[in-house]
Amino acid sequence: MAAKAIELTVGDRVVRVSNPDKVYFPSRGITKRQVVEYYASVASPLLAVLRDRPTTLKRYVDGVEGEAFYQKRVPKGAPSYVETAQIKFPSGRPADEVCPTEPAVLVWAANLGTFDFHPWPVRRPLVDNPDELRIDLDPQPGTDFSDAVRVASVLREVLSELGMTGYPKTSGGRGIHVAVRIRPSWDFIDVRHAVIALAREVESRAPALATTAWWKEERGERVFIDFNQVARDRTIASAWSVRGTPRATVSTPVTWDTLSTVDPDDFDIFTVPSYLASHGDPHAALDSEAFGLETLLEWYERDPRGEMPYPPDYPKMPGEPPRVQPSRARKPD
């Protein structure tokens, strides 16, 4: 028999939580109620990340061992206080996505089995103009978090020379995400080109550590700088998001000074609330200054390599190289 629903007061709202004793993380016995209560505890910094952003919900309605899916349209029956923003997919089709504006929305989403919040790098009404560079450092087989830290150090050096400030966080796994606030003066294509230029510069300074190779067979034991995470409708888990890992890790903001000292597995739904209470929000100043992309776009334009491949679900993009795995490309006679 399902447990009786409970009601949580969140701000001025009362949010109903159904089946609160349902186990979401079996190896640790973590229940739905504990996930919901975690999100209530980090609502303030999480809302600072998500507010007014179209947000995809990654839902695990059967817990971490079930099959997850991405909720890209606002669910039917959503409460009236759940606001939306209309976005367009690469195909041109529109969709109304959840657009968080208050803490109750986060708890409501958690009740739906949401672990990760995946915000677009835009804020309404400028939903076609990103205001954030997102650099995803993704360790490949044979590498780990410590390798991502080494690449992040090079990235920080390049950002500093550009006069830009980046804010690092753990991904909740082995990777690192770095956010840079930018002026919403460019479209998705320009912002992606800026990340490509930035990634190539990092790669040129640390070729044994970092790679921009889109094809896995070319990456080797290096950290992949995923330039496509700023393409339209490509998102990463937000700061403070619970990840779908057996131990319920959390993607957690850190400082550059502490990045090399942390273990990403130490951040989970039990430890992060106390971490927030003792350290505050390491990304609180993220919105304090927005930067321009002029230099990065100049770098991109000067680079004879030009465009890089888009994700396979995209329509063919202008200037894009063939989407053929190098080992399968037709060789000249």
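Our subject is the structure listed above.
Residues numbered from 1 in each chain as written. Predicted model: local features only at pLDDT ≥ 70, side-chain atom pairs only at ≥ 80, totals over all residues. Heavy atoms only, no water.

K.L.:
It is not clear to me how the sheet that holds strand S14 (residues 223-225) should be interpreted in this structure. Could you clarify?
P.N.:
Strands pair in a sheet through their backbones, by hydrogen bonds, and they do so in one of two ways: parallel or antiparallel. Ordered in space as S11-S12-S10-S14-S13, the five strands form an open sheet in which the pairing is mixed. Looking at the sheet topology across the chains shown, the edges are occupied by strand S11 (167-170) and strand S13 (210-211). Alignment of S11 against strand S12 (residues 176-181), held across four bridges, turns out to be antiparallel. If you follow tyrosine 167 over to S12, its bridge partner there is alanine 179. Where helix H5 (residues 188-205) meets the sheet, it contacts strand S10 (132-139), S13 and S14, and its direction lies at approximately 45° from that of S10. (Pairing = 2+ DSSP bridges. Helix = DSSP H or I, 4+ residues; strand = E, 2+ residues; numbered from the N terminus. Contact = heavy atoms within 4.5 Å. Axes fitted to C-alpha atoms, helices over the stretch in contact; angles between N-to-C directions.)

K.L.:
Explain the side chain of threonine 212 to me, please; I cannot follow it from the model alone.
P.N.:
Tracing the sequence through the fold places threonine 212 in the loop between S13 and S14. The class of threonine 212 is buried, set by a relative accessible area of 6%. At a separation of 2.9 Å, a polar atom in the side chain of threonine 212 contacts the side chain of glutamate 203. If we skip the residues at most four places from it in the chain, threonine 212 touches Ala199, Arg200, Glu203, Phe224, Ile225, Phe227 and Met308. (Buried < 20%, exposed > 50% of the residue type's maximum accessible area, 1.4 Å probe, protein only. Polar contact = N/O pair within 3.5 Å; in protein donor to acceptor, adjacent residues only side chain to side chain.)

K.L.:
How should the pairing of strand S7 (residues 84-88) be read in this particular structure?
P.N.:
Successive residues of a regular strand alternate their side chains across the two faces of the sheet. Burial along S7 is one-sided: Ala85 and Ile87 are buried, and none of Thr84, Gln86 and Lys88, which face the opposite way, are. Note: S7 against strand S8 (residues 94-98), five bridges, orientation antiparallel. Bridge pairing links isoleucine 87 to alanine 95 in S8. Linking two consecutive strands that pair antiparallel, namely S7 and S8, is a turn of five residues; a positive phi of about 95° is found at glycine 92 within it.

K.L.:
What is the right way to read H5 from this model?
P.N.:
For an α-helix, the turn length of 3.6 residues means that residues three or four places apart are oriented alike. In this model H5 runs 26 Å from its N-terminal to its C-terminal C-alpha over 18 residues, within 8% of the 26 Å that 1.5 Å per residue would give. Among the 18 residues in H5, 13 count as buried, and that is most of the element. One side-chain oxygen of the residue at the start of H5 lies 3.2 Å from the amide nitrogen of isoleucine 189, identifying that residue as aspartate 187. (Expected span 1.5 Å × (residues − 1).)

K.L.:
For this particular structure, what's the right way to read the nonpolar core?
P.N.:
One recurring pattern in soluble globular proteins is that nonpolar side chains are buried together. By size, the foremost hydrophobic cluster in this structure holds 86 residues, and its most contacted members are Leu133 and Leu293. It is helix H4 (residues 145-162) that contributes the most residues to this core, nine residues altogether. The next biggest cluster of nonpolar side chains, apart from the first, holds seven residues, and it includes Ile87, Phe89, Trp120 and Val127. (Core = buried A, V, L, I, M, F, W, Y, C linked by side-chain atoms within 4.5 Å.)

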